[in-house]
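# Analysis of the macromolecular model
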Amino acid sequence: MNRPISAELIEEHNAAHADILAEDYDALARKLARSGVDIDAIKDRVAGFTVAVPSWGAGRGGTRFAKFPIPGEPTNIHEKLEDCSVINQLSRLTPRVSPHFPWDKVSDYQALRDEAAALGLGWDAVNSNTFQDQVGLAHSYANGSLAAQDAGARAQAVEHNIECIEIGRQLGSSDLTVWVGDGTNFPGQQDFTRSLDRYLEAASQIYAALPDDWRMLLEHKMFEPAFYSTVISDWGSSFLAAQELGPKAKCLVDLGHHAPNVNIEQIVARLHRFGKLGGFHFNDSKYGDDDLDSGSINPHQLFLVFNELAEAEANPRGEFRPSYMIDQSHNVTDPIESMLSSAETIAQCFVKASLVDRVSLHDAQERNDTMMAFQALRRAYNIDVAPILARARVEAGGVYDMLAVYRQSRYRDRKAQERKPVGLGAGIV
Ligand code: AFD
Ligand code: MN
Ligand code: MN
């Protein structure tokens, strides 16, 4: 196995922190035992928890306005994989990468799959890109892709998605995530119904090309790049489209793609109730940006989302198989550090949700004891679960303090010597 961070550095660091970790873990074990919770059982649950990282998140994608690259930033999928393997080596939470085409195109996908495997990585959902024109394309996406008036643009977008499925098969993926930038900037620009008809017709051609064990994940987005309307604007549109397409079509919830203050946890419960919860793109948002670090603005909302997931897992209505992925990208931190921090925050919310006493919660709900129902959530949210995550991580071969070891490794400085500089250019995604 090819591991970018030195094993000696990790061992030394973990050994130096073993006593502190044992002390904190034992103290938390005693606290949890008082409420009848076995800390080791929770730790074993964390050991099975993973979240994918996006290949595009390894670069400093930037804001809508500019890109400020850092020395040592990856410039191709091979370098991105290496960075993703650092995140997984330290966190043991992110063993899969979600690729985006055509950005991550190579000539030999079997070789790419082997290259990832040698870095300890597998592949998550394949993402198509019909929101940008590429050199050599016969049709422009300026007026849309799957919902475009231009039949040639629609056919080209369908074909690209089918090509993504084929690439994904070679990589060993089994989900295609479809997000389109289609929409309008002016009232009257397009007919809402006819554009949705065109989207559904084109999407059904992609759906028809899905292998039996694949899912098509429909990602809704309220606005951007279209600012008046988008064709799949919200979970309702996503749900209706998924329902019309068929059982392999599911809804993907990107936390940043809603209006401020929307009750996303309730959306999660709704989608699960009707068997259409496909997966998540975790990130955060304050005003309009949809790609801030997960839990950096509203960690409580992330906890409440995981509380619904814990509820759905405990009381499944049909299938419960949501896929988890980070989708964030901005230009103020080293992306490896941001993804380490986000993966930990996401796992923290998963653990806290696992600590909710669901018997007390349901009992209080049945008795209309609002305060005690709320306290069942509050008690779990207030527990500092860091020692559980650290213990699970160290036992899996990861590190106690991920950011400390990453900085000590001087990985980015080393890459700055080896990699060619990233060009300037506009920010995107
Ligand atoms: C854009 C969208 C969406 C999508 C990503 C990759 O906002 O989040 O997942 O591109 O296609 O940022
Ligand atoms: Mn997304
Ligand atoms: Mn987004």
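Residues numbered from 1 in each chain as written. Chains lettered and ligands numbered in written order. Predicted model: local features only at pLDDT ≥ 70, side-chain atom pairs only at ≥ 80, totals over all residues.

The chain is annotated in an unreviewed UniProt entry as TIM barrel protein from Sphingobium cyanobacteriorum.

Another aspect to go through is the pairing of strand β5 (residues 175-178). Here β5 shows no split at all, with Asp175 and Thr177 on one side and Leu176 and Val178 on the other all buried. Each parallel crossover has a hand, and for strand β4 (residues 126-127) linked through helix α5 (residues 151-171) to β5 it is right-handed. With four bridges joining them, β5 and strand β7 (residues 215-219) adopt parallel strand pairing. If you follow Asp175 over to β7, its bridge partner there is Arg215. (Buried ≥ 20, exposed ≤ 12 C-beta atoms within 10 Å, placed from the backbone. Helix = DSSP H or I, 4+ residues; strand = E, 2+ residues; numbered from the N terminus. Right-handed = clockwise from strand over helix to strand, strands pointing away. Pairing = 2+ DSSP bridges.)

Further remarks concern the sheet that holds β7. On the basis of which strands lie adjacent, the open sheet formed by six strands has the order β4-β5-β7-β9-β10-β11 and parallel pairing. In this open sheet, the two edge strands, each paired with only one partner strand, are β4 and β11 (323-326).

As a further point, take the pairing of strand β10 (residues 277-282). With six of six residues buried, β10 is to be regarded as a mostly interior element. Direction of pairing for strand β9 (residues 249-254) relative to β10: parallel, over a ladder of four bridges. Residue pairing across strands places Cys251 opposite Leu277, the latter belonging to β10. With respect to chirality, the unit in which β9 leads through helix α8 (residues 264-273) into the neighbouring parallel β10 is right-handed. Pairing of β10 with β11 involves four bridges; the strand directions are parallel. What sits directly across from Gly279, in β11, is Ser323. With helix α9 (residues 299-314) bridging β10 and the parallel β11, this β-α-β connection has right-handed handedness.

What follows concerns unusual backbone geometry. Residue Pro102 follows Phe101 across a cis peptide bond; omega there is 10°. Structurally, Pro102 is set in the loop between β2 (96-98) and α4 (109-118). The residue after Glu224, namely Pro225, is reached through a cis peptide bond having omega 5°. Here Pro225 lies in the loop between β7 and β8 (229-230). A positive phi is found at Glu224, a non-glycine position, where the angle reads about 85°. Inspection of the secondary structure puts Glu224 in the loop between β7 and β8. In this structure, Asn261 is a non-glycine residue whose phi angle is positive, near 70°.

Paired through their backbone hydrogen bonds, the strands of a sheet run either parallel or antiparallel. In space, the three strands of this open sheet follow the order β1-β2-β3, with parallel pairing throughout. Looking at the sheet topology across the chains shown, the edges are occupied by β1 (53-54) and β3 (122-123). Here β1 runs beside β2; their pairing, made up of two bridges, is parallel. Note on β2: the bridge partner recorded for Val53 is Val97.

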